[in-house]
Each structure stands twice: as structure tokens, then as C-alpha cells.
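# Structural features, examined
Chain by chain, the residues run as shown.
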Amino acid sequence: MNIVTVSPMADTKPFNLTDTIKRYGSQLFGFIKSKVGLVEDAEDILQDVWYQYSNLANPEEILSVSGWLYRVAKNRIIDRSRKQKNLLLDDLVYEGEEGELSLKDVLLSNDTDDVEIFMFQEEFWNTLQIALEELPENQRRVFIQNELEDKTLREIAEEEGVPIKTIVSRKGYAVKYLRKKLDPLYQDII
């Protein structure tokens, strides 16, 4: 006969969805919200986690329910982040007097006769310049070299003599910050 002792702090395995939600729900939501920022996004991710848990064939085989829940939540956060990053400038459309233009076309347009486009360009480039100046030097340099000077991240890493992961991380922080700063302009467009 096997005797199993469980410490009071052990991650006991509730197999019932309701019990699991009661036990981990608020902490898991707080974790997700700290990573994504928006309550609505956190709620969506949490719902995905609970859905995936509810569809497990054998939840009793999970050694650590909390570990499993947090791992799935982290994966959903990463998935959502990737989807948001995949939005291209060409996908954003501006409705002008001459019809639809992509946001990229608007930003690179030389049409100084369209006052609305000209004003948007001015505001965008001014906001970008201010936001770039607010970045730490190493993040600003990586962003400018990669996005504006068309250097690859690998080239930048080799020039600076640092690991590629460091450059990717710097670029990621810069992009995240710039998105936050430029979001009001994006919201005005859509």
C-alpha cells in the first residue's frame, strides 16, 4: 500500500473546472493583466486558458495545475503579441479625397497639396522623433539602424559586438515604447 503525504503548500490538483477557477482565477488574471495591460485582452486570454483546461482529456495527469495554467497563459500572451506585431503598415488604410491609401503610402507621400495628409505626416514624424529621443540610446540606435537604415539585426549585433538576442531585446523594447507613443495617432486614423 502506497502512502502519499501532501504538504499544506503542495499544488493539489483540482480536476473540476469550477474548483480550479476559484483557486487560481484571480491570481492568474493578475499575472496576465500585468503582461498585457488591457483588461479586455487579459480577460480574453484568461478565457482561452480556461477553455483549453476544460477540454483536457485527462486533467488528473497534470503534475502541477498552477504550472500548467501559467505556462498556457504565457503562451497565449506570446501568441497575442505576435499577432499584433504582424500588423503591417500596408494593412492600415486611410480614406482620403482620392480614395483609399495605405498608411505607409500616406507617410511616404510627397503630395503637399493634400493638407490633411501633410498635417498627419508632420504630426507623425514629430511624434516619432520625440518618442525616439525618449528612448535609451542603445534602443534608439538599434531601432533607427534596423527600421530607417535597413540594417539587419544580425549586422547590428556584429557591429556592436553583442549577442543577437541583446539586439532583438533592445529592438523589442523600442518598438513596444514607440507603439504606445504612436497609438493615439493610429486611433485617430482608424
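Residues numbered from 1 in each chain as written. Predicted model: local features only at pLDDT ≥ 70, side-chain atom pairs only at ≥ 80, totals over all residues. Heavy atoms only, no water.

### Quick word on the packing of aromatic side chains
Enumeration over the complete set of coordinates arrives at three aromatic pairs. Ring plane angle 85 degrees and centroid distance 4.9 Å describe the contact between Phe124 and Trp125, whose orientation is recorded as edge-to-face. (Phe/Tyr/Trp six-rings, centres within 6.5 Å; stacked < 30°, edge-to-face > 60°.)

### A word on the packing of helix α6 (residues 137-148) against helix α7 (residues 153-160)
Their axes nearest at 9 Å, the elements α6 and α7 cross at an angle of 135 degrees. Judged on the interaxial angle alone, α7 and α6 are oblique. Between α6 and α7 lies a crossing of right-handed hand. Only Leu153, Ile156, Glu159 and Glu160 of α7 make contact with α6, whose side of the interface consists of Arg141, Val142, Gln145 and Asn146. For the contact of α6 with α7, the class distribution of residues is three nonpolar, two polar and three charged. (Axes fitted to C-alpha atoms, helices over the stretch in contact; angles between N-to-C directions. Helix = DSSP H or I, 4+ residues; strand = E, 2+ residues; numbered from the N terminus. Parallel < 35°, antiparallel > 145°, perpendicular 65-115°, else oblique. Left-handed = near helix turned anticlockwise from the far one by under 90°. Contact = heavy atoms within 4.5 Å. Nonpolar A, V, L, I, M, F, W, Y, C, P; charged D, E, K, R; others polar.)

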